[in-house]
Amino acid sequence: MRVKLARVAGFCMGVRRAMEIALEASRNAPKPVYTLGPLIHNPSALALLEKQGVSILKEIPRKGEGTVIIRAHGAPPSTIEKLKRAGFSIKNATCPKVVKVQMLAKTYASKGYNCVLIGDKGHAEVIGILAHAGEKGILVSSEEDIEKLPTLNKYIILAQTTQDRKRFEKWCKKILEKNPGGKIFDTICDATFRRQHEVRRLAKHVEAIVVVGGKNSANTKRLAEIASECNAFTLAVETAEDLDLEKLKNFSSIGVTAGASTPNWVINQVVKQLEALPGKKETILERGTKKLIRFLLEANLMTGLAGFCLALGIGLILRLGLRSIIGACAAGGYIYAMHTLNRLLNREAGRYNDPLRANFLTIHQKALIGFSIFLSILSILISFYLGENAFLMYLALSLLGALYTARLFTDKKFRKKRLSLSGTKSFFVPLAWSIVSVIAPTIDLNSVNQQVIIILFALAFAIVFLRSALLDVLEIHGDKIVGRETIAVILGESKTIKLIKIVAFLTAITSLALVVWKITPIGVICFLPISLLFLLLSFKLKGEAIGLLLRLELFVELNFILFALLIIILKLIGIKLGFKI
Ligand code: SF4
């Protein structure tokens with residue numbers, strides 16, 4: 001099935017932030033941890049929070065202990081005071097955009113202005129904003145409310161962040177006609193609008209639309225209404241289990257969108273389930289290709305292939321002849337084995353990042369472990385051809401990996417320790433890749449220029465670091481849920497993306513300079529396009545654009561295949577033109 005995911009779907013910035021604060025509190029804040037009312041309108045996310053020990057506080061007791069998280073809608077200052085007096089610690093997850101409206105209400109009310117708020121009666125956000133305006137707050141939730149407005153001299157008009165802009169503008173006009181001189185602040189958040197705009201766009205390109213989100217989520221319901229208005233067959237589901245696959249089979253293309261409170265892992269599961277469905281016009285070849293790609297990714301074979309290609313490319317740059325292929329086989333096998341075992345250990349995070357892969361790993365666990373051990377042993381044996389030191393290097397690396405894995409399978413305490421060490425994963429992975437692809441094939445050779453080896457080691461490290469960091473950003477949700485401290489979790493998404501951009505840019509510039517100044521063989525120029533491609537991918541990495549995120553892993557691994565291909569092409573050109581590359 002051809003599945004198109006809305007460019008903007010799922011968690012908005014405020015909800016995402018609230019979720020992250022709640023997950024962080026579940027690990028580090030004083031226990032028990034509560035949210036004041038449901039954090040978001042999504043059963044899967046609430047079930048997850050419950051599992052992490054975050055429950056819902058329905059009423060404020062006279063005495064309490066632990067932590068209370070104020071949700072994205074915010075709360076009246078008196079409620080927060082009451083919670084503090086009862087003895088709770090407070091984690092305020094009010095969305096910054098809601099805080100801005102609260103502050104406007106507070107500031108203008110203190111200057112004697114009336115604050116007219118256009119919003120829905122009884123909504124938590126509205127209650128919170130009005131409370132900040134105190135006696136100066138006036139709610140307008142219908143046209144009748146406008147008629148009933150008293151005469152206002154000094155006043156401002158604010159909007160609940162999720163209001164419809166057309167209605168807001170119409171009502172503002174009416175209020176101003178009745179009471180001229182009011183100051184308008186358009187405080188509507190465009191997160192909802194952007195999702196609605198995107199579903200209209202999507203409807204033009206697909207035959208059916210699946211809207212993912214909680215049954216009680218107002219913005220999810222609105223997305224489903226818009227999709228129907230656009231004449232697309234619309235199906236609203238809470239999870240992948242609700243998909244009516246029999247009906248959906250009759251289409252050749254399906255669009256997927258999701259409300260602002262739908263977690264990525266739920267969207268992910270729906271997309272993967274739909275992609276596995278045979279599309280009406282899909283050819284056997286298309287289906288076969290998709291299945292093959294999925295299998296290569298799920299079974300981790302793409303990662304092994306990426307490792308093989310990096311080592312092959314470097315061997316060709318260094319003109320190592322047969323050693324290039326032997327070294328690449330050993331590197332590919334080793335990288336495959338270590339990554340597969342690591343993925344098996346991190347299945348818990350994988351359940352949120354890529355549930356179908358987690359299922360695949362569970363079903364084929366024994367075969368994957370067996371194959372990884374086989375490849376690991378094979379790599380050690382192959383490395384014998386590269387020389388004594390290379391053999392010892394592989395032996396040491398494989399033993400370290402095996403020790404690490406064996407202890408993790410048995411020792412829960414060690415597993416906890418490892419979690420706190422895992423921020424270093426983004427450095428250890430590039431280190432291991434660079435060792436097996438640059439050092440191991442050359443350590444037993446005297447003829448290779450040491451300066452070039454160091455440069456290639458640094459470039460390989462940078463490229464694999466880009467790979468790791470990009471994948472860490474991709475998997476940040478699941479990692480945060482299970483408390484894995486990857487570089488993206490430690491630095492935060494935007495700082496990691498900035499770091500990726502800097503490293504990619506520097507790698508591109510360096511590889512170009514090295515070739516221009518004839519410091520390294522000409523093949524080093526192939527680092528330039530792949531670092532630029534990583535740079536391009538990092539520009540596309542936006543929190544809300546999960547369409548790309550779902551496919552990022554494939555692009556990342558393909559980059560390494562491209563690297564090897566470019567070097568082969570360059571070599572062939574060199575042979576044709578009669579000079580050595
Ligand atoms: S919809 Fe806008 S204002 Fe509301 S939580 Fe999301 S980002 Fe914040």
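All of these numbers come straight from a predicted model, not from anything done at the bench.

Cut-offs applied
Residues numbered from 1 in each chain as written. Predicted model: local features only at pLDDT ≥ 70, side-chain atom pairs only at ≥ 80, totals over all residues. Heavy atoms only, no water. Helix = DSSP H or I, 4+ residues; strand = E, 2+ residues; numbered from the N terminus. Expected span 1.5 Å × (residues − 1). Buried < 20%, exposed > 50% of the residue type's maximum accessible area, 1.4 Å probe, protein only. Arc of directions from axis to C-beta. Contact = heavy atoms within 4.5 Å. Patch = residues over 30% accessible without salt bridge, like charges linked within 9 Å, V, L, I, M, F, W, Y side chains within 5 Å. Areas by Shrake-Rupley, 256 points an atom, 1.4 Å probe, with all protein chains shown as cover. Salt bridge = Lys/Arg side-chain N within 4 Å of Asp/Glu carboxyl O. Core = buried A, V, L, I, M, F, W, Y, C linked by side-chain atoms within 4.5 Å. Pairing = 2+ DSSP bridges. Right-handed = clockwise from strand over helix to strand, strands pointing away. Axes fitted to C-alpha atoms, helices over the stretch in contact; angles between N-to-C directions. Parallel < 35°, antiparallel > 145°, perpendicular 65-115°, else oblique. Left-handed = near helix turned anticlockwise from the far one by under 90°. Nonpolar A, V, L, I, M, F, W, Y, C, P; charged D, E, K, R; others polar. Near = heavy atom within 4 Å. pLDDT = per-residue confidence, 0-100. Lys, Arg positive; Asp, Glu negative; His and termini not counted. Charge placed at Lys NZ, Arg CZ, Asp CG, Glu CD. Phe/Tyr/Trp six-rings, centres within 6.5 Å; stacked < 30°, edge-to-face > 60°.

1. Section: helix 4 (residues 96–110)
Then step 1. In this model helix 4 runs 21 Å from its N-terminal to its C-terminal C-alpha over 15 residues, within 8% of the 21 Å that 1.5 Å per residue would give.
Then step 2. Regarding helix 4, the residues found buried are V98, V101, Q102, L104, A105, Y108 and A109. For helix 4, the angular spread of the buried residues around the axis is 155 degrees, confining them to a single face. Exposed and facing more than 90 degrees away from the buried side of helix 4 are K100 and S110.
Then step 3. Where helix 4 is buried, its residues meet strand 6 (114–118), helix 5 (124–133), strand 8 (155–159) and strand 9 (183–184).
Then step 4. Taken from the residues just after helix 4, G112 is the one with a positive phi, measuring 90 degrees.

2. Some points on a nonpolar patch on the surface
Then step 1. On the surface, L565, I568, I569, L572, I573, I575, L577 and F579 cluster together into a nonpolar patch covering about 780 Å² of accessible area.
Then step 2. Position of L565 among the secondary structure elements: in helix 26 (residues 546–577).

3. Section: the nonpolar core
Then step 1. One finds I314, L456, F527, F534, F560 and F563 to be the most contacted residues of the largest nonpolar core, which totals 74 residues.
Then step 2. With 16 residues, the top contributor of residues to this core is helix 21 (residues 450–474).
Then step 3. Those residues in contact with I314, other than ones at most four positions away along the chain, are S437, V438, L456, A460, F527 and F563.

4. Regarding the environment of T162
Then step 1. Mapped onto the elements, T162 comes out in the loop between strand 8 and helix 7 (165–178).
Then step 2. Look at T162 and you get partly exposed, because its relative accessible area is 44%.
Then step 3. The spatial distance from the C-alpha of T162 to the C-alpha of V211 is 19 Å, given a sequence separation of 49 residues.

5. Some details on the environment of I522
Then step 1. Note that I522 resides in the loop between helix 24 (493–516) and helix 25 (527–540).
Then step 2. Separated by 58 residues in sequence, I522 and K580 have C-alpha atoms that sit 9.4 Å apart.

6. A few points about the pairing of strand 2 (residues 33–36)
Then step 1. Here strand 2 shows a buried face lined by V33 and T35 and a second buried face lined by Y34 and L36.
Then step 2. Where strand 2 meets strand 3 (residues 54–57), 4 bridges bridge the pair, whose relative direction is parallel. Looking at strand 3, one finds that T35 is bridged to I56.
Then step 3. Note that the unit made of strand 2, helix 2 (residues 43–51) and strand 3 has a crossover that is right-handed.
Then step 4. Summarising the sheet, strand 2 and strand 4 (residues 67–70) pair through 3 bridges and their orientation is parallel. Among the inter-strand pairings, T35 is bridged to a residue of strand 4, identified as I69.

7. Notes on the packing of helix 13 (residues 301–317) against helix 21
Then step 1. Where helix 13 meets helix 21, the closest approach of the two axes is 12 Å, and the angle between their N-to-C directions is 160 degrees. Judged by the angle between their axes, helix 13 and helix 21 are roughly antiparallel. Crossing handedness for the pair helix 13 and helix 21: right-handed. Note on element contacts: helix 21 touches helix 13 through L456, A460, V464 and R467, opposite T303, L310, I314 and I317.
Then step 2. In terms of residue class, the contact of helix 13 with helix 21 is made up of 6 nonpolar, 1 polar and 1 charged.

8. Overview of the site of the ligand
Then step 1. Around the ligand sit C12, G14, C95, K97, T161 and C189, and that is every residue in its neighbourhood.
Then step 2. Along the lines of polarity and charge, the residues of the shell around the ligand split into 3 nonpolar, 2 polar and 1 charged.

9. Let's talk about the sheet that holds strand 9
Then step 1. A sheet is described by the order of its strands in space; here 4 strands give the open sequence 7-6-8-9, paired in parallel fashion. A single partner strand is all that each edge strand has here, and the edge strands are strand 7 (137–140) and strand 9.
Then step 2. Across 5 bridges, the pairing between strand 6 and strand 8 is parallel. If you follow V116 over to strand 8, its bridge partner there is I157.
Then step 3. Most of the contacts of helix 4 go to strand 8, to which it runs at about 170 degrees, and overall it touches strand 6, strand 8 and strand 9.
Then step 4. Where helix 7 meets the sheet, its contacts fall on strand 6, strand 7, strand 8 and strand 9, and the angle it forms with strand 8 comes to roughly 165 degrees.

10. With respect to the pattern of salt bridges
Then step 1. Enumeration according to the criterion identifies 13 salt bridges in this entry.
Then step 2. Each of E143, K170 and K174 takes part in salt bridges that share partners, so that together they form one network.

11. Examining helix 13
Then step 1. For helix 13, which comprises 17 residues, the first-to-last C-alpha distance of 24 Å matches the rise-based estimate of 24 Å (1.5 Å per residue) to within 8%.
Then step 2. The element helix 13 is largely enclosed, with a buried count of 14 among its 17 residues.
Then step 3. One or two residues past the end of helix 13 sits R319, with phi positive at roughly 55 degrees.

12. Here's the deal with the sheet that holds strand 3
Then step 1. Spatial ordering of the open sheet is given by 3-2-4-5, a layout of 4 strands whose pairing is parallel. This sheet does not close on itself; its edge strands, each paired only once, are strand 3 and strand 5 (89–92). Neighbouring strand axes in the sheet, compared pairwise and without regard to direction, differ in orientation by 35 degrees on average.

13. Section: the confidence of the model for the chain
Then step 1. With 92% of its residues at a pLDDT of at least 70, the chain reaches an overall mean of 88.
Then step 2. Across residues 414–421 the pLDDT falls below 50, and counting only partners more than four positions away or on other chains, this stretch makes 15 contacts in the model.
Then step 3. Confidence drops under a pLDDT of 50 for residues 543–547, and excluding neighbours within four residues, the segment shows 17 contacts in the predicted structure.

14. As for the pairing of strand 12 (residues 253–258)
Then step 1. In terms of burial, strand 12 is largely enclosed, as 6 of its 6 residues are buried.
Then step 2. Of the two faces of strand 12, both are covered, the one formed by S253, G255 and T257 as well as the one formed by I254, V256 and A258.
Then step 3. For strand 1 (residues 2–5) and strand 12, the ladder comprises 4 bridges, and the chain directions are parallel. Bridging from a neighbouring strand, V3 pairs with I254 of strand 12.

15. A look at a positive patch on the surface
Then step 1. A cluster of like positive charges, contributed by R2, K4, R7, K280, K281 and K540, occupies part of the molecular surface.
Then step 2. For K4, the position within the fold is in strand 1.

16. Regarding the packing of aromatic side chains
Then step 1. Applying the stated criterion across every chain, the model contains 13 aromatic pairs.
Then step 2. Between F384 and F391, the ring centres sit 5.1 Å apart and the planes meet at 85 degrees, which makes this aromatic pair edge-to-face.
Then step 3. Among the residues examined, F384 registers a relative accessible area of 54% and is labelled exposed.
Then step 4. Each ring, one from F527 and one from F563, has its centre 4.7 Å from the other, and the planes form 50 degrees; the classification is tilted. Of this pair, F527 sits in helix 25 while F563 sits in helix 26; the two residues are 36 residues apart in sequence, bridging distant segments of the chain. F563 carries the same exposure label as F527, and that label is buried.
Then step 5. The rings of Y108, Y113 and F185 are connected pair by pair, giving a single aromatic cluster.

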